[in-house]
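Breakdown of the fold
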Amino acid sequence: MHGYQANLELERRQVRDWAGISRPQIYYSLEKLQRLGMLRAKASKEPAAGPERTVFTATPSGRAALAAALEREQWTKQRDRPAFLTWLALSWQARSGAVRKQLQNRRKFLEAELAREQATLQSVLQEVGHHYHEAVWMLSLVIEQFKTELKWLARIEKELPKRAPAHDPDYAAEEQV
């Protein structure tokens, strides 16, 4: 497919929910992969709808490079660093009432995302026809993560009135010279 088709397919599959890929990155990557011999331009029988579009196909060396990259251990040994946890770590410095409001905002966001991902899962199941597919597994994980965070958030909201500073904070101690 050509870059425009690739972008439309990524949008249709909502890939940007789990991978930071922009439209310019698609075109840059296609050009780079072609220069490296991992993609080659392929003649297309379809008329171009607008400017001439180059259709790409993977080369054997491109498929081999992808297979080798997928065997790297780094895929399995990384942690996510959600921005919300950074906010939570700094929340003790927020103005009165801001923490409760932000927790409510987070809950609303998670509920909306959970509903959206559940709908996406149903759409994917209709497309693939079974539960044993990478997209189904990925969406199932995201759904479970949202459900878990919502349970955790409910606990935090209940515990919020008991919130207190650390009893013995090492970070606040001045160095003795």
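Residues numbered from 1 in each chain as written. Predicted model: local features only at pLDDT ≥ 70, side-chain atom pairs only at ≥ 80, totals over all residues. Heavy atoms only, no water.

**Description of the nonpolar core**
A general trend in soluble globular proteins is that nonpolar side chains are found buried together. Quick note on the threshold: As used in this record, nonpolar core signifies buried Ala, Val, Leu, Ile, Met, Phe, Trp, Tyr and Cys residues forming a set joined through side-chain atoms within 4.5 Å. Throughout this description, buried means an accessible area under 20% of the type-specific maximum (1.4 Å probe, protein chains only), exposed means over 50%, and partly exposed covers the range between. Only DSSP runs of H or I reaching four residues or more are called helices, and only runs of E reaching two or more are called strands; each is numbered from the N terminus. A contact between two residues is defined here by any heavy atoms of the two lying within 4.5 Å.
In this structure, Leu103, Leu110, Leu114, Leu121, Val136 and Leu153 are the most contacted members of the largest nonpolar core, which totals 16 residues. Of all the secondary structure elements, the ones that give two or more residues to this core are helix H5 (98-128) and helix H6 (134-159). Leaving out residues up to four positions away in the same chain, Leu103 has contacts with Phe84, Trp87, Leu153, Ile156, Glu157 and Leu160. Core analysis: the next-biggest nonpolar cluster, separate from the first, contains 5 residues, Ile26, Leu30, Leu39 and Phe56 among them.

**Things to note about the environment of Leu139**
Considering the arrangement of structural elements, one finds Leu139 in helix H6. Its relative accessible area of 11% is what places Leu139 among the buried residues. Distance in space between the C-alpha atoms of Leu139 and Ala58 is 27 Å, their sequence separation being 81 residues. Look past the residues within four positions of Leu139 in its chain and what remains in contact with it is Glu117, Thr120, Leu121 and Val124.

**Some remarks on the environment of Gln122**
Position of Gln122 relative to the elements: it lies in helix H5. Sequence separation between Gln122 and Ala154 is 32 residues; the distance between their C-alpha atoms is 27 Å.

**Here's the deal with the pattern of salt bridges**
We count it as follows: By definition here, a salt bridge exists when the distance from a side-chain nitrogen of Lys or Arg to a carboxyl oxygen of Asp or Glu is within 4 Å.
Under the criterion given, the structure shown has 13 salt bridges. Between Glu127 and Arg13 there is a salt bridge whose closest N-O contact spans 3.6 Å. One end of the pair, Glu127, is in helix H5; the other, Arg13, is in the loop between helix H1 (3-12) and helix H2 (23-35), and 114 residues separate them in sequence. Using a relative accessible area of 44% as the deciding quantity, one classes Glu127 as partly exposed. Asp17 is the partner of Arg116 in a salt bridge, and the nearest nitrogen-oxygen pair spans 2.9 Å. Of this pair, Arg116 sits in helix H5 while Asp17 sits in the loop between H1 and H2; the two residues are 99 residues apart in sequence, bridging distant segments of the chain. Note on Arg116: relative accessible area 28%, which makes it partly exposed.

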